Amino acid sequence: MAAQLETEQIDTIIRRVMNRLEEQQPALPRSYNYRGVFSDPDEALKAARLAQQCYARESMGRRKAFIKVIRETTINHAQQLSQLAVQETGMGRVADKVLKHLLVAEKTPGTEDLPAVAHLGDDGLTVEEVSPFGVILAITPTTNPTATIVNNAISMLAGGNTVFFAPHPRALQTSLTCIDLLNEAIENIGGPPNLLVALDSADLKTVDYLMKHPDIPLLCVTGGTAVVDVALRCGKRAIGAAAGNPPVLVDDTADPVKAANDIILGHSFDNNMPCTSEKEIVVTAGIADELLRAFRDNEKAVVLESRFLPELERVALNEKRTGPNPRMIGQNANKILGELGINVGDEVRAIIVEVERDHPFIRHELMMPVLGLTRAADFDEAVDIAVEAEQGLHHSAIIHSANVYHMSDFQRAIRTTVYVKNAPSYAALGYGGEGPTSFTIAGRTGEGMTSARTFVRRTRCALVGAFGTF
Ligand code: NAD
């Protein structure tokens, strides 16, 4: 009996150690030839163009099959890709990144998203169809590296395009691993090689060269304001999914406990990496104390006393106080608190601190679990503060309120691409909310939540003298 117990105990220990090793050491990216990955940009572009010509001749059924294997591959490798992303970028949370992969795999619309409109009458039949652009240059961020690649790949391939990915240098290996896996899955079911291509090194000069290349008709940029600015100056169509600074407004009619919990969940998801996540709170005076109490009572949050503010500013902001301290982007809340000498466990996911309305924690997108809260005298003032904080980026905003007029008043005032009522921000991404998902939200150029229909040309085919047989 004693011997049996010992064996069982040893088994348990081995299993625990193996699990921990698996958690800590994701399979390293393969060093051999990644499918679709080139050293020379012209060679890569040539391959993507050739692939597009083959792909354009494939049936819609085949496109669907390729998208199906992309979904399956993403689900099967969600854990590996998430671990790689956290390991390489040093940002975010593996478990949350796994959810992001499952979300894009399951809820990115495919070919069914492509519009087809028919006009039938005495003069015949006119069909409004779509056709591919060709090779799309997709610039992807470090914050959601592979979830964006999967999301873009599904949307762009659904439209009959091939994709030249320019991943963020800090997420290059993870991105190339993902591209390799997706190409492999497509080739395994007889699809053409190089539907997705990339370069084995990442430098901005080459991206600039590609942006201006005549054989790339469309740019899709998911990233900060600066890179979207560059793309929009290229003299060709560019879809700009740029930075946001989403305010969450809580008014006197909200349920403070639910609002606090929803805000923590949305704000802390993947350590505040999503561009849609709650970045600052504006609360009306009548409920501010109750909301703060609800945060204090929530084990996932720490409300910092004002005496810690200068030290938190030093840790969380850059030297000029014009944005985040890059070292702290995407870090766990307990790591940030540790820098202040406050030791808490990993269950703490958000740091809340009260500040003035023009504080950098209100004005700047921090992308870390530090959430400034500011008070407004009433609803109208709260709307003004929130609109000012959003800075006309037309990105995302959230409201917690039981007053439907407030919900629509705030929406009319802020006019963001994503607007969430009484839920964590990720509800608008289709996680715990209805509708499809997108990880490229083009608020800057107005396409909104991008999907297959964003990446196609509209064509019109008119047939006169037939079919109009009423
Ligand atoms: P980033 O702007 O640093 O990088 C984005 C991409 O652009 C990277 O691939 C980078 O290599 C490239 N890049 C940057 N400057 C360039 C230049 N001058 N020329 C050519 N390429 C250039 O952003 P990031 O840190 O990777 O991502 C975070 C930012 O992206 C945040 O501001 C976030 O809000 C935003 N974002 C927006 C969306 C959206 O859908 N709107 C989604 C995710 C992230």
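Residues numbered from 1 in each chain as written. Predicted model: local features only at pLDDT ≥ 70, side-chain atom pairs only at ≥ 80, totals over all residues. Heavy atoms only, no water.

Trainee: Run through the site of the ligand, naming residues and quoting values.
Mentor: In the vicinity of the ligand, 29 residues are found, and the nearest of them are Thr140, Thr142, Gly224, Glu365 and Ile441. Thr140 places a main-chain nitrogen or oxygen 2.7 Å from an oxygen atom of the ligand. One nitrogen or oxygen atom from the main chain of Gly224 is found 2.8 Å from an oxygen atom belonging to the ligand. Relative to its free-state accessible area of 840 Å², the ligand is covered by the protein chains to the extent of 86%. Of all the secondary structure elements, the ones that give two or more residues to the shell around the ligand are helix H8 (204-212) and helix H9 (225-232). Among the elements that make up the shell around the ligand, the one with the highest residue count is H8 (3 residues). (Near = heavy atom within 4 Å. Polar contact = N/O pair within 3.5 Å; in protein donor to acceptor, adjacent residues only side chain to side chain. Areas by Shrake-Rupley, 256 points an atom, 1.4 Å probe, with all protein chains shown as cover. Helix = DSSP H or I, 4+ residues; strand = E, 2+ residues; numbered from the N terminus.)

Trainee: Before we move on, could you go through the nonpolar core and cite the residues and values that matter?
Mentor: Counting residues in hydrophobic clusters, the biggest one holds 72 residues, and the most contacted among them are Phe165, Leu196, Val250, Ile281, Leu291, Phe295 and Ile352. Domain assignment of the residues forming this core places at least three in each of domain 1 (23-242 + 450-458) and domain 2 (247-434). Beyond its immediate stretch of four places on either side in the chain, Leu196 contacts Gly36, Ala153, Leu157, Val163, Phe165, Ile179, Leu182 and Asn183. (Core = buried A, V, L, I, M, F, W, Y, C linked by side-chain atoms within 4.5 Å. Buried < 20%, exposed > 50% of the residue type's maximum accessible area, 1.4 Å probe, protein only. Domains from an automatic or database assignment. Contact = heavy atoms within 4.5 Å.)

Trainee: Tell me about the pairing of strand S7 (residues 218-222), residues and numbers included.
Mentor: Of all the 5 residues making up S7, 5 are buried; the element is thus mostly covered by neighbouring parts of the structure. Where strand S4 (residues 135-139) meets S7, 4 bridges bridge the pair, whose relative direction is parallel. Within S7, the position partnered with Ile136 by the bridge is Leu218. As judged from the 4 bridges shared by S7 and strand S8 (residues 238-241), these two strands associate in the parallel manner. Within S8, the residue paired with Val221 across the bridge is Gly240. Read from S7 through H9 to S8, the crossover connection turns out right-handed. (Pairing = 2+ DSSP bridges. Right-handed = clockwise from strand over helix to strand, strands pointing away.)

Trainee: Report on the pattern of salt bridges, specifying residues and quantitative values.
Mentor: Taken as a whole and assessed by the stated rule, the structure comprises 24 salt bridges. The salt bridge involving Glu388 is made with Arg363; its shortest N-O contact spans 2.5 Å. Of this pair, Glu388 sits in helix H15 (residues 379-390) while Arg363 sits in helix H14 (residues 360-363), and the two are 25 residues apart along the sequence. Glu388 sits in the partly exposed class, given a relative accessible area of 37%. For Arg363, a relative accessible area of 25% translates into the label partly exposed. Salt bridges linked by common partners bring Arg35, Asp180 and Glu184 together as one network. (Salt bridge = Lys/Arg side-chain N within 4 Å of Asp/Glu carboxyl O.)

Trainee: So what's going on with unusual backbone geometry? Residues and values would help.
Mentor: Phi is positive for Asn271, which is not a glycine, with a value near 55°. Mapped onto the elements of the fold, Asn271 is located in the loop between helix H10 (256-268) and strand S10 (280-284). The backbone of His394 shows a phi angle near 55°, a positive value even though the residue is not glycine. Mapping His394 onto the fold places it in the loop between H15 and strand S14 (396-400).

Trainee: Pulling in residues and values, what's your account of the environment of Ser401?
Mentor: One can find Ser401 in the loop between S14 and helix H16 (404-414). For Ser401, a relative accessible area of 3% gives the class buried. Separated by 151 residues in the primary sequence, Ser401 and Val250 place their C-alpha atoms 6.3 Å from one another. In this structure, Ser401 is in contact with Asp251, Thr253, Ala254, His406, Met407 and Asn422, ignoring residues within four places of it in sequence. Polar side-chain contacts of Ser401 include one of 2.6 Å to the side chain of Asp251. Among the polar contacts listed, one links the side chain of Ser401 to the side chain of Thr253, at a separation of 3.2 Å.

Trainee: Tell me about the packing of H10 against helix H11 (residues 285-297), and name the residues and values.
Mentor: The geometry of H10 relative to H11 is characterised by a closest axis approach of 8 Å and an angle of 55° between their N-to-C directions. Relative to H11, the element H10 lies oblique. For the pair H10 and H11, the sense of crossing is right-handed. In this structure, H10 uses Pro256, Val257, Ala259, Ala260, Ile263 and Ile264 to contact H11, whose residues at the interface are Ile287, Glu290, Leu291, Ala294 and Phe295. Residue composition of the contact of H10 with H11, by class: 10 nonpolar, no polar and 1 charged. (Axes fitted to C-alpha atoms, helices over the stretch in contact; angles between N-to-C directions. Parallel < 35°, antiparallel > 145°, perpendicular 65-115°, else oblique. Left-handed = near helix turned anticlockwise from the far one by under 90°. Nonpolar A, V, L, I, M, F, W, Y, C, P; charged D, E, K, R; others polar.)

Trainee: Could you give an account of the packing of helix H4 (residues 78-89) against helix H5 (residues 94-107), naming the residues involved and the relevant values?
Mentor: With their axes 8 Å apart at the nearest point, H4 and H5 run at an angle of 130° to one another. Judged by the inter-axis angle, H4 sits oblique to H5. Note that H4 runs across H5; the crossing there is right-handed. Note on element contacts: H5 touches H4 through Val94, Lys97, Val98, His101 and Leu102, opposite Ala78, Gln79, Leu81, Ser82, Gln83, Ala85 and Val86. Split by residue class, the contact of H4 with H5 holds 7 nonpolar, 4 polar and 1 charged.

Trainee: Describe in detail the environment of Ile179, supporting the description with residues and values.
Mentor: Inspection of the secondary structure puts Ile179 in helix H7 (residues 172-188). On the basis of relative accessible area, Ile179 is assigned to the buried category, the value being 0%. Once the C-alpha coordinates of Ile179 and Thr374 are considered, the two residues, 195 residues apart in sequence, prove to be 43 Å apart. Residues in contact with Ile179, not counting those within four places in the same chain, are Arg35, Ile149, Phe165, Leu196 and Ala198.

Trainee: I'd like to hear about a negative patch on the surface, residue by residue, with values.
Mentor: Judged by side-chain charge, Asp252, Glu290, Asp378, Asp380 and Asp384 come together as a negatively charged surface patch. Glu290 sits in the partly exposed class, given a relative accessible area of 38%. (Patch = residues over 30% accessible without salt bridge, like charges linked within 9 Å, V, L, I, M, F, W, Y side chains within 5 Å. Lys, Arg positive; Asp, Glu negative; His and termini not counted. Charge placed at Lys NZ, Arg CZ, Asp CG, Glu CD.)

Trainee: So, the side chain of Ser451: which residues are in play, and what are the values?
Mentor: Examined against the element boundaries, Ser451 turns out to sit in the loop between strand S17 (448-449) and strand S18 (456-464). Looking at Ser451, the relative accessible area reads 8%, which means it is buried. Among all residues touching Ser451, those that are not within four sequence positions of it are Pro109, Asp113 and Ser155.

Trainee: Give me H10: which residues, what numbers.
Mentor: Helix length check: H10, at 13 residues, gives a terminal C-alpha distance of 18 Å against a target of 18 Å (1.5 Å per residue), a fit within 8%. Residues of H10 that are buried include every one of Pro256, Ala259, Ala260, Asp262, Ile263, Ile264, Gly266, His267 and Ser268, and no others. With a side-chain oxygen lying 3.0 Å from the backbone nitrogen of Val257, the N-terminal cap of H10 falls on Asp255. (Expected span 1.5 Å × (residues − 1).)

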